[in-house]
Amino acid sequence: MSQGKDTLNGWLDYILSSHPENVIELGLTRMKKMLDRLDIHFDCPVITVAGTNGKGSTCAMLEAIYRAAGYKTAMHTSPHMLSFNERAQINGEIVEDAPLVEAFREVEEARAGMPLTYFEFTALGILRVFQKAKPDVVILEIGLGGRLDAINALQSTASIVTTIGIDHEAYLGNTRDAIGWEKAHVYRQGHPAVCADKNPPVKLLQYAKALKTNLEVAGKDFSVTEEDGGRMRFRMGVNDWDLPRPALRGRNQMDNAAGVLALVVSLMDKLPVTLADIEKGLTTVRITARFEKVQSDPTVILDVGHNPHAASVLAQNIRDVKTQGKVIAVFGMLADKDMIDVVKIMSEVIDEWFITGLPGPRGASVDVLHKVMLEAGVEDGKITQCEGVEEAFNQAKRQASIIDTIIIFGSFVTVTAALPLVRTNARVQ
């Protein structure tokens with residue numbers, strides 16, 4: 001064992017050097033072999049969450065509801081913001097280094113030289129930690145797509161597809177039908193299945209029908225409507241519930257909550273909960289950088305939206321806020337994302353842009369981003385080029401008045417770089 005592998009950072013460096021994080025090799029063969037070798041299985045319900053956008057919020061709401069009901073929860077999400085440990089939570093608490101280090105040692109021994117991707121290796125370690133914790137429910141976010149994503153190698157009890165938009169085209173296809181078909185592969189024959197997209201692709205519906213899943217579709221089998229006083233009404237079959245809107249900001253979170261509640265209803269025989277449990281979960285749920293307000297005077301909002309579908313939701317959320325002053329963007333994107341469509345959508349609600357390049361081989365340089373923005377029709381006079389997220393944020397703060405809104409978005413990378421800057425002040429809900 002090489003020096004440094006007695007620490008979590010040492011292990012992550014070793015895994016990263018063996019297979020870079022940004023190299024993607026889809027497929028289930030390696031993962032299935034490793035699950036067998038490590039004898040990773042769960043005696044409790046396992047929920048998989050796939051979709052283009054809304055996966056993190058959906059996982060967080062499910063976890064909060066089940067934890068409020070007294071169940072021991074285990075939740076895996078990705079990517080992380082500041083610490084790898086964020087990817088693994090047990091009972092709402094981030095897993096510490098030691099259990100992960102022990103699990104990575106077991107994965108290394110079991111793989112016996114078999115190549116594993118960064119995501120496969122780390123996911124196996126996290127699943128091993130969860131197995132030892134003996135949870136009552138496991139909630140797993142699909143990393144990319146569904147059909148060939150490493151997490152999909154594990155047999156699940158119930159599955160949800162949140163939304164279907166165009167993203168990861170090189171791996172999933174460039175139509176909603178193709179992408180929906182990929183994501184539909186998280187469904188299991190005879191098991192509860194939910195689609196929270198009100199306009200599901202035909203191929204998703206066809207696959208679910210051929211598989212004989214118990215598919216529940218938003219707008220057809222269940223619905224949520226906005227009520228006065230910060231409430232919402234959820235309807236599904238005989239269930240007609242008056243509930244608080246989720247604590248997460250943004251109109252889209254009610255649609256995410258509808259999918260969550262449909263899944264909760266579908267699993268009621270295995271994981272019974274009360275309306276009081278659901279209310280507590282919805283009102284206490286927290287997740288970083290999903291239209292999250294972190295400062296006031298001026299308002300500063302973080303959002304990890306990084307594709308056209310997410311940009312449309314973000315733009316609508318900004319309209320809903322009805323800001324008095326200007327909307328100022330701190331913006332950086334990855335070059336393999338649909339930069340031009342994101343800019344076109346967001347240019348309708350943003351008055352000034354402070355843009356920056358992002359590091360790494362996937363990061364778009366500031367020059368490339370500037371060129372894309374001009375092609376998208378943004379006036380050059382509204383764009384300020386900056387060196388790094390910190391400079392972009394500081395310039396935006398100097399420019400903003402107390403009635404303005406600064407929105408930091410475009411990538412997990414952009415928001416992660418901004419977190420230490422905005423969290424120096426007291427957090428604002």
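As the structure is a computational prediction, the values presented were derived from the model and not from experiment.

Quick look at the overall build of the protein chain
Broken down by element type, the protein chain carries 15 helices and 17 strands. In terms of overall size, the protein chain behaves like a compact globule, its C-alpha atoms giving a radius of gyration of 21 Å where 429 residues would be expected to give roughly 22 Å. Projected onto its principal axes, the C-alpha coordinates of the protein chain cover approximately 60 × 60 × 40 Å. Looking at the protein chain as a whole, 56% of its 429 residues qualify as buried. Sequence separation of at least 24 residues holds for 72% of the intrachain contacts in the protein chain that already meet a minimum separation of 6. Element-wise, carbon and sulfur atoms account for 48% of the exposed surface of the protein chain, whose accessible area totals about 17800 Å². Computing the positive centroid from 46 side-chain charges and the negative centroid from 54, the protein chain places the two 4 Å apart.

Focus on the sheet that holds strand E12 (residues 292-295)
Taken in spatial order, the six strands of this open sheet run E12-E13-E17-E14-E15-E16, and their pairing is mixed. In this open sheet, the two strands that pair with only one neighbour each are E12 and strand E16 (383-386). Across the sheet, the mean angle from the axis of one strand to that of its neighbour is 25 degrees, orientation sign disregarded. As defined by bridge partners, strand E13 (residues 299-302) adjoins strand E17 (residues 405-409) across four bridges and the pair is classed as parallel. Its bridge partner lying in E17, leucine 302 is registered against isoleucine 408.

Section: empty space enclosed by the protein
Scanning the model with the defined rule gives one cavity of 30 Å³ or more in all. Here the largest cavity is characterised by a volume of approximately 40 Å³. As for the largest cavity, its lining consists of Tyr14, Ile15, Ser18, Arg111, Leu116 and Phe121. Classifying every residue of the lining of the largest cavity gives four nonpolar, one polar and one charged.

Focus on helix H11 (residues 308-321)
For H11, built from 14 residues, the straight-helix expectation of 20 Å at 1.5 Å per residue is met to within 8% by its first-to-last C-alpha distance of 20 Å. Turning to H11, its buried residues are Pro308, Ala310, Ala311, Leu314, Ala315, Asn317 and Ile318. Those residues of H11 hidden inside the fold are in contact with helix H9 (252-266), strand E14 (327-331), helix H12 (339-346) and E17. At the C-terminal side of H11, lysine 322 shows a positive phi close to 55 degrees.

Looking at the environment of serine 223
Positionally, serine 223 belongs in strand E9 (residues 223-227). Of the residues examined, serine 223 reaches a relative accessible area of 27% and is grouped as partly exposed. Along the sequence, serine 223 and alanine 262 sit 39 residues apart, while their C-alpha atoms lie 8.9 Å from each other. Setting aside residues no more than four positions away along its own chain, serine 223 makes contact with Arg233, Phe234 and Arg235.

A few points about the sheet that holds strand E11 (residues 239-244)
Read from one edge of the open sheet, three strands run E9-E10-E11, paired in antiparallel fashion. Since the sheet does not close on itself, it has two edges, and those belong to E9 and E11, each with one partner. For this sheet, the mean inter-axis angle between neighbouring strands, taken without regard to orientation, is 20 degrees. Alignment of E9 against strand E10 (residues 231-236), held across five bridges, turns out to be antiparallel. Along E10, the bridge assignment pairs valine 224 with phenylalanine 234. Running over the sheet, H9 touches E9, E10 and E11 and is turned about 40 degrees from E10. The sheet contacts of helix H10 (residues 275-284) involve E10 and E11, and relative to E11 the element is tilted by about 40 degrees.

Thoughts on the nonpolar core
Counting 57 residues, the largest nonpolar core has Phe42, Phe104, Leu124, Phe130 and Tyr187 as its most contacted members. Core analysis: the second largest hydrophobic core is formed by 42 residues, Met61, Tyr71, Ala257 and Leu282 among them.

What to know about the layout of surface pockets
Its boundaries defined by the atoms lining it, the second largest pocket holds a volume of some 620 Å³. What lines the second largest pocket is a set of 28 residues, and nearest its centre among them are Glu86, Gln89, Arg286, Ile287 and Thr288. Elements with a contribution of two residues or more to the lining of the second largest pocket: helix H3 (55-68) and helix H15 (412-422). At five residues, H3 tops the list of elements feeding residues into the lining of the second largest pocket. When the residues that make up the lining of the second largest pocket are grouped by side-chain class, the tally is eleven nonpolar, eight polar and nine charged.

Re the confidence of the model for the protein chain
When pLDDT is averaged along the protein chain, the result is 92, and 94% of the positions lie at 70 or above. Counted against residues more than four places away or in other chains, residues 424-429, with its pLDDT under 50, gives ten contacts.

Some thoughts on the state of the cysteines
According to the stated counting rule, one finds zero disulfides in the structure shown. No disulfide involves cysteine 59; its sulfur sits 15 Å from the nearest other cysteine sulfur, which is in cysteine 44. The buried category is assigned to cysteine 59, whose relative accessible area is 0%.

Quick word on the pairing of E17
E17 sits mainly inside the fold: five of its five residues count as buried. The alternating pattern of E17 places Thr405, Ile407 and Phe409 and Ile406 and Ile408 on opposite faces, both of which are buried. By the bridge criterion, five bridges tie E14 to E17 in an arrangement that is parallel. Residue pairing for E17: phenylalanine 331 is matched across the bridge by phenylalanine 409.

Scoring rules and cut-offs
Residues numbered from 1 in each chain as written. Predicted model: local features only at pLDDT ≥ 70, side-chain atom pairs only at ≥ 80, totals over all residues. Heavy atoms only, no water. Helix = DSSP H or I, 4+ residues; strand = E, 2+ residues; numbered from the N terminus. Rg over C-alpha atoms; globule rule 2.2 N^0.38 Å. Buried < 20%, exposed > 50% of the residue type's maximum accessible area, 1.4 Å probe, protein only. Contact = heavy atoms within 4.5 Å. Areas by Shrake-Rupley, 256 points an atom, 1.4 Å probe, with all protein chains shown as cover. Lys, Arg positive; Asp, Glu negative; His and termini not counted. Charge placed at Lys NZ, Arg CZ, Asp CG, Glu CD. Pairing = 2+ DSSP bridges. Axes fitted to C-alpha atoms, helices over the stretch in contact; angles between N-to-C directions. 1 Å grid on protein atoms, 1.4 Å probe; cavity = no way out; pocket = protein on both sides within 12 Å on 5 of 7 lines; lining within 4 Å. Points joined across faces, edges and corners; volume = space filled by probe spheres on them. Nonpolar A, V, L, I, M, F, W, Y, C, P; charged D, E, K, R; others polar. Expected span 1.5 Å × (residues − 1). Core = buried A, V, L, I, M, F, W, Y, C linked by side-chain atoms within 4.5 Å. pLDDT = per-residue confidence, 0-100. Disulfide = S-S within 2.5 Å.

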